[in-house]
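Here is how the chains run, residue by residue.
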Amino acid sequence: MLSIIDKYILKRYLATFAAMLGMFIPIGIVIDVSEKVNKMIENKVPLWNIAIYYYHFTIYFANSLFPIFLFLSIIWFTSKLANNTEIIAILSSGISFTRFLRPYIIGASLISIFVLIMGFYVVPASSEGFNNFRYTYLKGNGPEAMREGNTDVYRQINDNEFLYVNSFNSVSKVAFNFALEKFDKEKLVSKITASRLKWNPQDSTYTMYDYTKRTVGELGDKIEKMPEKKTKFSFDLEDLTPVIYIAETLSLDKLYQFIDKEKKRGSSNINIYMVVLYKKYSVPVSAFILTIIAVSVSYKKRRGGMGMNLTIGIAIAFGYVFFDKIFGTLAEKSTFSPLLAVWFPNIIFGILAIFLLRNAKR
């Protein structure tokens, strides 16, 4: 059962966090509008599309900066409690510091569950809407810039087939210099080539131009040629050249399936996808770590008042973001373990949280 003090602190915890989001998200929107309004006017973006974009922006922005908002909100209201000598009264009544932390941990649990569910199912859709708008209306080359690799794409699409295209146009859905090789173990069985491969969305088929198929036989090869041939394949062009932020736009179950498929294909971008997956789990855990750090830093009444606590808090918060970005980029651009890179900030700041908590108990 929650005591009156528990309910009081928990209410302040959640209300201050909500107020922090309500205060900074409009500021973020205003800054974003001021930076992009000229592009929107130039490209004659419909007002409805802009409204939907800023709905997605709100979710994307809040999720990206959630650790900072949470950390600063805890420092803010805990410092106010300390300045009003409320914490001194609570601890002087015989309540231990660990017991004092209970409503904070409950609040961190509620927010972690909320962020976890949002990250699994809501944030991916908003990430897709946010990025699609940026690449459609605000960036040069539009949809072409959204693709991971438009030239010289060579990928394994299943255990026996390998696909190659020289280039791919995402607007017309046309691939050039197409080749599909089929193997039985290490032996080539057949090879299909075409100067162009066009995707037909109406019936999910492909049209090959200057089609040639070579079937390897024991006594001789069989060659089939046609100026144009329409057929179905087990792949689609979205799988061949996914958008650069594809992992961010997938719900949890689809992300697991996508990563499994890309591993079998030997994708060079697998580390990027793994970073996105691991962050879905690591970000909610950071709520507990940052909560303990924030309370340990701000529960005492300092000579510098709330300003000193906020200064310390901002330094720690941006230190966390710095480590998160540095190691995330390191994993994406090198052979550094994505799992270690994603969890490294939590490990470092978890150690800091334990150290500060032990000192606070004294």
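Colleague: Lay out the nonpolar core with the relevant residues and their values.
Modeller: Soluble globular proteins tend to pack their nonpolar side chains together in the buried interior. In terms of nonpolar packing, the biggest core is built from 55 residues, with Y104 and I293 touching the most fellow members. The biggest single contributor to this core is helix α3 (residues 66-83), with 11 residues. When residues no more than four places from it in sequence are discounted, the contact partners of I293 are F71, I316, F349, L352, A353 and L356. Residues V153, F168, M208 and Y211 belong to the second largest nonpolar core, which totals 17 residues.

Colleague: So what's going on with the packing of helix α2 (residues 47-64) against helix α6 (residues 102-138)? Residues and values would help.
Modeller: The packing of two helices is summarised by the inter-axis angle and the distance between the axes. Where α2 meets α6, the axes come as close as 8 Å, and the angle between the chain directions of the two elements is 135 degrees. By the angle class used here, α2 and α6 are oblique. The way α2 lies across α6 gives a crossing that is left-handed.

Colleague: Any chance you could break down helix α1 (residues 4-42) for me, citing the residues and the numbers?
Modeller: With 39 residues, α1 should reach 57 Å at 1.5 Å per residue; the first-to-last C-alpha distance of 57 Å fits that figure. K44 sits one or two positions beyond α1 and adopts a positive phi of about 55 degrees.

Colleague: Could you give me a rundown of the packing of aromatic side chains, with the residues and numbers involved?
Modeller: Within the structure shown, the criterion is met by 32 aromatic pairs. Both rings, one in Y53 and one in Y54, keep their centres 4.7 Å apart while their planes meet at 70 degrees; by these two values the pair is edge-to-face. In this structure, Y53 and Y54 share a single accessibility class: buried. Summarising the aromatic geometry, the rings of F322 and F323 are spaced 5.9 Å apart at their centres and angled 80 degrees between planes, so their arrangement reads as edge-to-face. Take F322: its relative accessible area is 51%, and that puts it in the exposed class. The ring of Y209 has R196 sitting right over it, with the charged end atom 4.1 Å from the ring centre. Against the face of Y211 rests K229, its NZ or CZ located 5.5 Å from the ring centre.

Colleague: Describe α6, listing the residues and the values that go with them.
Modeller: The end-to-end C-alpha distance of α6 is 46 Å, clearly below the 54 Å that 37 residues give at a rise of 1.5 Å each. Maximal helix bending in α6 amounts to about 55 degrees, located at G119.

Colleague: Tell me about the pairing of strand β6 (residues 222-231), and please be specific about residues and values.
Modeller: As defined by bridge partners, strand β5 (residues 205-215) adjoins β6 across nine bridges and the pair is classed as antiparallel. Bridge assignment links Y209 to a residue of β6, and that residue is E228.

Colleague: Give me the lowdown on the side chain of N200, citing residues and values where you can.
Modeller: For N200, the position within the fold is in strand β4 (residues 187-200). Those residues in contact with N200, other than ones at most four positions away along the chain, are T205, Y206, T207 and K230.

Colleague: Describe the packing of α1 against α3, naming the residues involved and giving the relevant values.
Modeller: Closest axis-to-axis distance for the α1/α3 pair is 9 Å, and the angle between their directions is 130 degrees. With respect to each other, α1 and α3 are oriented oblique. Here α1 and α3 pass one another in a crossing that is right-handed. Only F66, F69, L70, L72, S73, I74, W76, F77, K80 and L81 of α3 make contact with α1, whose side of the interface consists of Y8, I9, R12, Y13, T16, F17, M20, L21 and F24.

Scoring rules and cut-offs
- Residues numbered from 1 in each chain as written.
- Predicted model: local features only at pLDDT ≥ 70, side-chain atom pairs only at ≥ 80, totals over all residues.
- Heavy atoms only, no water.
- Core = buried A, V, L, I, M, F, W, Y, C linked by side-chain atoms within 4.5 Å.
- Buried < 20%, exposed > 50% of the residue type's maximum accessible area, 1.4 Å probe, protein only.
- Helix = DSSP H or I, 4+ residues; strand = E, 2+ residues; numbered from the N terminus.
- Contact = heavy atoms within 4.5 Å.
- Axes fitted to C-alpha atoms, helices over the stretch in contact; angles between N-to-C directions.
- Parallel < 35°, antiparallel > 145°, perpendicular 65-115°, else oblique.
- Left-handed = near helix turned anticlockwise from the far one by under 90°.
- Expected span 1.5 Å × (residues − 1).
- Phe/Tyr/Trp six-rings, centres within 6.5 Å; stacked < 30°, edge-to-face > 60°.
- Lys NZ or Arg CZ within 6 Å of the ring centre and 35° of its normal.
- Bend = angle between axes of the 7 residues up to and from the residue.
- Pairing = 2+ DSSP bridges.

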